[in-house]
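The residues making up each chain are set out below.
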2 protein chains.
Amino acid sequence: MALSRADCEAMDRDDPLAPKRAAFLLPEGQIYLDGNSLGVLPRGVEERVVDLIRNQWGKDLIVSWNKHGWIDLPQKVGNRIARLVGAEPGSVISADSTSINLFKLVAAALALNPGRGTILSDTGNFPTDLYMASGVAGMMAKGVRVTTVAPEDVASAIDADTALVMLTHVDYRTGRMHDMRAITALAHQHGALMLWDLAHSAGAMPLDLAGCDTDFAVGCSYKYLNGGPGAPAFLYVAPRHQDSAISPLSGWLGHAAPFAFDLDYRPAEGIGRFICGTPNLLSLVALDAALDAFDGVDLDALRRKSEQLGDLFIRLVDQECSGFGLASARQAAARGSQVSLRHPEGYAIMQALIARGVVGDFRSPDVLRFGFTPLYLGFADVFDAVAHLKAVMAAGEWQRAEFRTRAKVT
Amino acid sequence: MALSRADCEAMDRDDPLAPKRAAFLLPEGQIYLDGNSLGVLPRGVEERVVDLIRNQWGKDLIVSWNKHGWIDLPQKVGNRIARLVGAEPGSVISADSTSINLFKLVAAALALNPGRGTILSDTGNFPTDLYMASGVAGMMAKGVRVTTVAPEDVASAIDADTALVMLTHVDYRTGRMHDMRAITALAHQHGALMLWDLAHSAGAMPLDLAGCDTDFAVGCSYKYLNGGPGAPAFLYVAPRHQDSAISPLSGWLGHAAPFAFDLDYRPAEGIGRFICGTPNLLSLVALDAALDAFDGVDLDALRRKSEQLGDLFIRLVDQECSGFGLASARQAAARGSQVSLRHPEGYAIMQALIARGVVGDFRSPDVLRFGFTPLYLGFADVFDAVAHLKAVMAAGEWQRAEFRTRAKVT
């Protein structure tokens, strides 16, 4: 039986997370399905940033480092993220970009696991992870190289030469999800260390870094965590490694006594050593405020809704549209919080959708990405999005010249 | 003849930069002499950041990368800084922290000048520069080490083994200023490359990176550039090196075609390759707005006033106070835009001054730092600050227990 909009509205009425929608300032006239690229603006962020600018920076100035706890914010925000990724308290900081944090941890991991020559990753990894790992490898004294295999071949490619397995948990294009527990265990069996990039998982599902015995992780906070454009990223180091792992990005705020201004570097005890330069307060405060939206959220319920939203989208596309391939797993358990379709005219179709206010994005060569952010999207939104997709295809709207011109950032 | 407050008021009336004070929201009831640590809040910053949050992030979301030029902002802001540091257009970007940028450029420099074993710096350098350079050296295939000598011995220590001379132009504690032109020329004579850290110079004086034939530079934008706490730093690469220098922090936004998502890194042409991860938009927009205060400012006039403010302070301290040593050069030409005093009870004296609203800072073991930011400080401010210092000393105010307890950040 065909699903109707009324069916979707009924699902919204039954949704225990529906009230969370009010915690966000959703863009008017849009169905925003790109929260996996840039999350929407949570309520309260603007006020917190204005307070930081006007009162803390503007009036208290330099004493704010103590008076307003600026100096502790990377760890305070890190601890809030720790709950969302299943990490031990004191094992996460928020700082720098995902790329920079990856560099710190790849270098630290290689130093902890010497005598092996391979950083193993997969071709579904976000390219910057591969670039940064190659940057580390290019600097290392010993010959270490980055090897990539197809995602499904990772498990069989781990061997005695693997120093580090470095994977993004959820594929940015297809949403394919690796089995964190199984691959981490396999890496350890072979004597390798494990680093997960949680860019497309943190804030979209429960994670269990500690329970999976993960060594290292990084993640992005401007996607499902809604920290704002270019928000500080995060990094995780398992407690067992915190006093032996060393970041070559050995900046003064990771020093054991930064305000002693010693000429020699001595890393801080614990996770604090992975802080490098001065934290970016405007963005860090915005992220701290954004995380309020996760207060009280049951992450299992979040995941359940995420799966339902994706399942509904797939079912409705099957029902209403033709000509699309499914780039994501049909089984919800095997994908993250997005569904990607394939179509040879994907770019133009996505532009036509955006013109109608349905905002997803496009990834070369033919992938249309639709992110389903369970905190602020409803089931009727999904219905409406597919109705627009159907209309774009039925009327051949995507064939208009204006939709075929590529923008600088796509 | 003793200088009076009326004399200082007359100097303010004659000051061509006096109207610029109105471009800042100065903290009430304070004489803020710590702009060399954290610059004050310029007018217009809050409005720009609110617009970014509310309208760009909040409403336009992901399309802002094109619509609002987010993607070009690191280079756009870099070009505004380029004018202030005497750099060629297209040779500066704003990104990451000073520490991170230093890492990029030290690594790039060593790769450009192989076969030499020394990064030469001085003991007056800000410690993070030494830590980061050591971080690079520790990763390198060949044996490269960081050697520090006393500031006055740098010139004689440059030799055929020096790969890179890495100095901070103005000493963070004493304000001592290196001769950029002479040392750069000397480095080149010996076949070394030259990297300047402009943390305590940019925005306080005219600089001539291009004219001095500098190879590389980094700098901080939350001091004299007033970009806000933790604002994105900047980096400079001379045009002649831009297509050969490679950053090991090879993130996706430094790729020649970031949105092609290639698996292999291919650096962008020109300065853009030194961008790494996603720029932090909140902070970058705040910095862009802050730089408006420099529009139309004659940097020679700025430097002249900076020298006069420092000279006045020294003269008034000589006239009104005793027991202080001068840690800075008495000759204005040999110091940056700060004057540092020495006193064995410096910490408590500074706390007593701060309690009176005269905000400088303290650097171990005995340095009281007073920053003179010519855009927003006047000559009567300097008079009043010294009057407070005199009162603190005369009444023994600094001996109160509350002023002797060290804060976390000092």
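This one's a predicted model, so the numbers in the text were calculated from it and none came from an experiment. (Residues numbered from 1 in each chain as written. Chains lettered and ligands numbered in written order. Predicted model: local features only at pLDDT ≥ 70, side-chain atom pairs only at ≥ 80, totals over all residues.)

A closer look at the overall build of chain A
Inference 1: Helix and strand content of chain A: 12 helices and 15 strands.
Inference 2: For 410 residues, the compact-globule estimate of 2.2 N^0.38 gives 22 Å, and the C-alpha radius of gyration of chain A, at 22 Å, lies within 12% of that figure.
Inference 3: Taking the principal axes of the C-alpha coordinates as reference, chain A spans close to 70 × 55 × 40 Å.
Inference 4: The burial tally for chain A puts 57% of its 410 residues in the buried class. (Helix = DSSP H or I, 4+ residues; strand = E, 2+ residues; numbered from the N terminus. Rg over C-alpha atoms; globule rule 2.2 N^0.38 Å. Buried ≥ 20, exposed ≤ 12 C-beta atoms within 10 Å, placed from the backbone.)

So, the environment of A:Ala202
Residue and element names in this part refer to chain A.
Inference 1: Tracing the chain through its elements places Ala 202 in the loop between β8 (193–197) and β9 (216–219).
Inference 2: In sequence terms Ala 202 and His 169 are 33 residues apart; their C-alpha atoms lie 9.7 Å from each other.
Inference 3: Once residues lying within four places of it in the same chain are set aside, the contact partners of Ala 202 are Ile 81, Leu 84, Val 85, Leu 207, Gly 219, Tyr 224 and Leu 225. (Contact = placed C-beta atoms within 7 Å.)

Some thoughts on the domain arrangement of chain A
Residue and element names in this part refer to chain A.
Inference 1: According to the domain assignment, chain A consists of domain 1 (5–42 + 298–403) and domain 2 (69–294).
Inference 2: Tallying the contact residues gives 30 residues for domain 1 and 22 residues for domain 2.
Inference 3: Within the residue set of the side of domain 1 that touches domain 2, elements represented by two or more residues are α10 (299–320), β12 (338–342) and β15 (367–371).
Inference 4: For the side of domain 1 that touches domain 2, the element with the most residues is α10, which contributes five residues.
Inference 5: Here the side of domain 1 that touches domain 2 is composed, by residue class, of 13 nonpolar, 11 polar and six charged. (Domains from an automatic or database assignment. Nonpolar A, V, L, I, M, F, W, Y, C, P; charged D, E, K, R; others polar.)

Observations concerning helix α5 (residues 98–112) of chain B
Inference 1: Taking 1.5 Å as the rise per residue, α5(B) with 15 residues should run 21 Å; its terminal C-alpha atoms sit 21 Å apart, in good agreement.
Inference 2: Here α5(B) lies mainly inside the structure; 13 of its 15 residues are buried. (Expected span 1.5 Å × (residues − 1).)

Some details on the interface of chain A and chain B
Inference 1: Every contact between the two is made by 75 residues of chain A and, on the other side, 75 residues of chain B.
Inference 2: Looking at the side of chain A that touches chain B, the elements that each hand over two or more residues are α2 (45–60), α3 (64–67), α5 (98–112), α6 (127–139), α9 (281–290) and β14 (361–363) of chain A.
Inference 3: Across the side of chain A that touches chain B, the residue classes tally to 43 nonpolar, 23 polar and nine charged.

Overview of the sheet that holds strand β5 (residues 118–122) of chain A
All names here are of chain A.
Inference 1: Read across the sheet, seven strands follow the order β4-β10-β9-β8-β7-β5-β6 without closing on themselves; strand pairing throughout is mixed. Each edge of the open sheet carries a strand with a single partner, namely β4 (92–94) and β6 (145–149). Adjacent strand axes in the sheet meet at a mean angle of 20°, parallel and antiparallel pairs treated alike.
Inference 2: The sheet contact formed by β5 and β6 spans five bridges and is parallel. The partner of Leu 120 across the bridge, within β6, is Thr 147.
Inference 3: Contacting β4, β9 and β10 (234–237), helix α4 (residues 73–85) runs over the sheet at an angle of about 125° to β4.
Inference 4: Set on the sheet, helix α8 (residues 180–189) makes contact with β7 (162–168) and β8; between it and β8 the angle comes to about 150°. (Pairing = 2+ DSSP bridges. Axes fitted to C-alpha atoms, helices over the stretch in contact; angles between N-to-C directions.)

A look at the environment of A:Leu193
Residues and elements named next belong to chain A.
Inference 1: For Leu 193, the location among the structural elements is in strand β8.
Inference 2: Residue Leu 193 is classed as buried on the basis of its 27 C-beta neighbours within 10 Å.
Inference 3: If near-sequence neighbours (up to four positions away) are discounted, Leu 193 is found in contact with Ala 109, Leu 112, Asn 113, Ala 163, Leu 164, Ala 187, Asp 215 and Phe 216.

Comments concerning the relation of the copies chain A and chain B
Copy one and copy two of the chain differ by a rotation about a common axis and a shift along it.
Inference 1: With an RMSD of 0.0 Å, chain A superimposes on chain B once it is rotated by 180° and translated 0.0 Å along the axis. A rotation of that kind, with that shift, is consistent with a two-fold axis.
Inference 2: Most of the interface of chain A is mirrored in chain B, where 100% of its interface residues are also at the interface. (Least-squares fit on C-alpha atoms with pLDDT ≥ 70 in both.)

Some details on the sheet that holds strand β15 (residues 367–371) of chain B
All names here are of chain B.
Inference 1: If you trace the four strands from one edge of the open sheet to the other, you get β11-β12-β15-β14, paired in antiparallel fashion. Only two strands of the sheet have a single partner each, and these edge strands are β11 (325–326) and β14 (361–363).
Inference 2: Where β14 lies against β15, three bridges are found, and the strand directions are antiparallel. From the neighbouring strand, Phe 362 faces β15, where its bridge partner is Leu 368.
Inference 3: Against the sheet, helix α10 (residues 299–320) touches β11, β12 (338–342) and β15, its axis set at about 25° to β12.

A few points about the packing of α2(A) against α9(A)
Residues and elements named next belong to chain A.
Inference 1: The interhelical angle for the contact between α2 and α9, taken along N-to-C directions, is 145°, at an axis separation of 8 Å. The two elements α2 and α9 meet at a crossing, and its hand is right-handed. Together, Val 45, Arg 48, Val 49 and Leu 52 of α2 and Leu 281, Leu 282, Val 285, Ala 286, Ala 289 and Ala 290 of α9 make up the contact between the two elements.
Inference 2: Here the residues of the contact of α2 with α9 are counted per class, giving nine nonpolar, no polar and one charged. (Left-handed = near helix turned anticlockwise from the far one by under 90°.)

What to know about helix α4 (residues 73–85) of chain B
Inference 1: Between its terminal C-alpha atoms α4(B) stretches 18 Å, which fits the 18 Å expected from 13 residues at 1.5 Å a residue.
Inference 2: A positive phi of about 70° marks B:Gly86, the residue just after α4(B).

Notes on the packing of helix α11 (residues 346–355) of chain A against helix α12 (residues 379–394) of chain A
All names here are of chain A.
Inference 1: Two elements in contact, α11 and α12, have axes separated by 10 Å at closest approach and are oriented at 120°. Judged by the angle between their axes, α11 and α12 are oblique. Judged by the sense of rotation from one axis to the other, the crossing of α11 with α12 is right-handed. Every residue of α12 that contacts α11 at Ile 349, Ala 352 and Leu 353 is listed here: His 388, Leu 389 and Val 392.
Inference 2: Class assignment of the residues belonging to the contact of α11 with α12 gives a composition of five nonpolar, one polar and no charged. (Parallel < 35°, antiparallel > 145°, perpendicular 65-115°, else oblique.)

Considerations on the confidence of the model for chain A
Inference 1: Residues at a pLDDT of 70 or more form 99% of chain A, whose mean pLDDT is 96.
Inference 2: Among the scores for the predicted complex, ipTM is 0.96 and pTM is 0.97. (pLDDT = per-residue confidence, 0-100.)

A look at the pairing of β12(A)
Residue and element names in this part refer to chain A.
Inference 1: With respect to burial, β12 is a largely interior element, four of its five residues being buried.
Inference 2: As paired elements, strand β11 (residues 325–326) and β12 share two bridges and run antiparallel to each other. Bridge pairing in β12 links Gly 325 to Arg 342.
Inference 3: In the sheet, β12 pairs with β15 via five bridges, with the strands oriented antiparallel. Looking at the pairing, Val 339 lines up with Phe 370 of β15.

Concerning the nonpolar core
Generally speaking, soluble globular proteins have nonpolar side chains that are buried together.
Inference 1: A:Val106 and B:Val106 are the most contacted members of the largest nonpolar core, which has 282 residues in total.
Inference 2: For A:Val106, the contacting residues outside a window of four places in its chain are A:Ile119, A:Met132, A:Ala133, A:Val136, A:Leu164, A:Met166 and A:Leu195. (Core = buried A, V, L, I, M, F, W, Y, C linked by C-beta atoms within 7 Å.)

A few points about unusual backbone geometry
Residues and elements named next belong to chain A.
Inference 1: Following Ser 364, the chain continues into Pro 365 via a peptide bond in cis, with omega recorded as -5°.
Inference 2: Looking at the secondary structure, you find Pro 365 in the loop between β14 and β15.
Inference 3: Phi at Asp 213 takes a positive value of approximately 65°, unusual for a residue other than glycine.
Inference 4: Along the chain, the position of Asp 213 falls in the loop between β8 and β9.

Description of the pairing of β9(A)
Residues and elements named next belong to chain A.
Inference 1: Alternating residues of β9 divide into Phe 216 and Val 218 and Ala 217 and Gly 219, and every residue in both groups is buried.
Inference 2: The pairing of β9 with β10 spans four bridges and is classified as antiparallel. Opposite Val 218, over in β10, you have Leu 235 as the bridge partner.

Topic: the environment of A:Glu28
Residues and elements named next belong to chain A.
Inference 1: On the secondary structure map, Glu 28 appears in the loop between β1 (24–25) and β2 (31–32).
Inference 2: On the neighbour-count criterion, Glu 28 (8 C-beta atoms within 10 Å) is exposed.
Inference 3: Measuring from C-alpha to C-alpha, the distance between Glu 28 and Gly 357 comes to 9.1 Å, with 329 residues separating the pair along the chain.

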